[in-house]
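# Fold and contact review
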Amino acid sequence: MKLGDYNRLRVIKRVDFGLYLDGGSEGDILLPQKYVPAGIGVGDEVDVFLYLDQDERLIATTEKPLACVGDFAFLEVAWVNKYGAFLNWGLTKDLFCPFREQKQRMEVGRSYIVYVHIDSESYRLVATAKVDKYLNSDPAPYKNGQEVSLLVWQKTDLGFKCIVNNTYAGLIYDDQIYQPVRTGQRLRGYVSQVRGDGKLDISLQPSGRQMTEDFAEELLYYLRSRGGVCPFGDKTDADVIRNEFHVSKKTFKKAVGDLYRRRLIDILPEGLHLLEEE
């Protein structure tokens, strides 16, 4: 059985208060009635998430947690007691984060980046805010330009730290950010460099020709949705371009050139005009 993860288990008995599932060497595992899917009967298999109830017994649920064991997540504190904080992770029973696993005292209503794991001493599912030690420090097996998934971690003087593909540490530099970014966001990103220390430099935009092509289509849509007129051009300030389109002035100019060569736009002193399309 995979504690803190999804398991496919066979129904072996129905009772008034739910179903018992075959847990193998772990014994029968209860799926309470309120979580039983319609139409499920003895002999059927069901996908369930396994965790420990208040009495530390294995129990199943069809609820979908915000994170499984081995995942990093951005979770909100539901309540705090003298032992630690309890985080809302999408299940009826909240996820415990003891004080010793907190970088700072967690506060109710605030959210924190945590890592979900099984405590080796108590065998309980717990969270830790000391996520650094759970990131892989080996050189990442990625190539420049490769697309990755990101969890924005924390702001630094250089930019934003992020967790890449739920495994590696990465950094998005401030001068590469053309859109609002905040801790806890899940974004698509692109590897711009694999550093010697194993960490990754990340861009939020694809590099090179792909970026130009993608933004050229976005700019074309912008023109079509605004009567064929764009009041921005070569002389527009770079900050204005960044705020309006969330791209660099360089990318904007390349996309304009691409659309002009394709005879889709005219470049006029007052901005860009969409040519009539067949």
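Check the entry above for the structure.
Note that the coordinates shown come from a computational prediction; the quantities given were computed from them, not determined experimentally. (Residues numbered from 1 in each chain as written. Predicted model: local features only at pLDDT ≥ 70, side-chain atom pairs only at ≥ 80, totals over all residues. Heavy atoms only, no water.)

## Quick look at the overall build of the protein
- Counting its regular elements, the protein contains three helices and 18 strands.
- Whereas a compact globule of 278 residues would reach a radius of gyration of roughly 19 Å, the protein reaches 25 Å, over 25% beyond that.
- The principal-axis extent of the C-alpha atoms belonging to the protein is close to 75 × 45 × 35 Å.
- Buried positions account for 44% of the 278 residues belonging to the protein. (Helix = DSSP H or I, 4+ residues; strand = E, 2+ residues; numbered from the N terminus. Rg over C-alpha atoms; globule rule 2.2 N^0.38 Å. Buried < 20%, exposed > 50% of the residue type's maximum accessible area, 1.4 Å probe, protein only.)

## Quick look at the side chain of threonine 236
- Summarising the element assignment, threonine 236 is placed in the loop between strand E16 (229-230) and helix H2 (238-245).
- Judged by relative accessible area, which is 14%, threonine 236 ranks as buried.
- Among the polar contacts listed, one links the side chain of threonine 236 to the backbone nitrogen of glycine 233, at a separation of 2.8 Å.
- When near neighbours in sequence (up to four residues on either side) are disregarded, threonine 236 contacts Pro231, Ile241 and Lys249. (Polar contact = N/O pair within 3.5 Å; in protein donor to acceptor, adjacent residues only side chain to side chain. Contact = heavy atoms within 4.5 Å.)

## Regarding the sheet that holds strand E18 (residues 271-274)
- Spatially, E16-E18-E17 is the arrangement adopted by the three strands of the open sheet, whose pairing is antiparallel. Only two strands of the sheet have a single partner each, and these edge strands are E16 and strand E17 (265-268).
- Sheet topology note: the E17/E18 ladder contains four bridges and is antiparallel. Bridge pairing in E18 places isoleucine 265 opposite leucine 274.
- Its contacts with the sheet put helix H3 (residues 249-261) on E17 and E18, and the angle it makes with E17 is roughly 125 degrees. (Pairing = 2+ DSSP bridges. Axes fitted to C-alpha atoms, helices over the stretch in contact; angles between N-to-C directions.)

## Side note on the sheet that holds strand E15 (residues 200-203)
- Spatial ordering of the closed barrel is given by E11-E12-E13-E15-E14, a layout of five strands whose pairing is mixed. Each strand of the sheet is rotated relative to its neighbour by a mean of 55 degrees, with strand direction disregarded.
- Where strand E14 (residues 186-194) lies against E15, four bridges are found, and the strand directions are antiparallel. Residue pairing across strands places valine 194 opposite leucine 200, the latter belonging to E15.

## Quick notes on the side chain of serine 248
- For serine 248, the location among the structural elements is in the loop between H2 and H3.
- On the basis of relative accessible area, serine 248 is assigned to the buried category, the value being 17%.
- Among the polar contacts listed, one links the side chain of serine 248 to the side chain of threonine 251, at a separation of 3.1 Å.
- In contact with serine 248, other than residues within four places in its own chain, are Tyr178 and Ile241.

## Considering the pairing of E14
- The sheet contact formed by strand E11 (residues 147-155) and E14 spans five bridges and is antiparallel. Note on E14: the bridge partner recorded for leucine 150 is leucine 187.

## So, the pattern of salt bridges
- Tallying each qualifying case throughout the model produces twelve salt bridges.
- In this structure, arginine 8 and aspartate 47 form a salt bridge, with 2.8 Å as the shortest nitrogen-oxygen distance. Of this pair, arginine 8 sits in strand E1 (residues 6-15) while aspartate 47 sits in strand E4 (residues 45-52); the two residues are 39 residues apart in sequence, bridging distant segments of the chain.
- For aspartate 47, a relative accessible area of 39% gives the class partly exposed.
- The partner of arginine 124 in a salt bridge is glutamate 56, with the nearest N and O atoms 3.5 Å apart. (Salt bridge = Lys/Arg side-chain N within 4 Å of Asp/Glu carboxyl O.)

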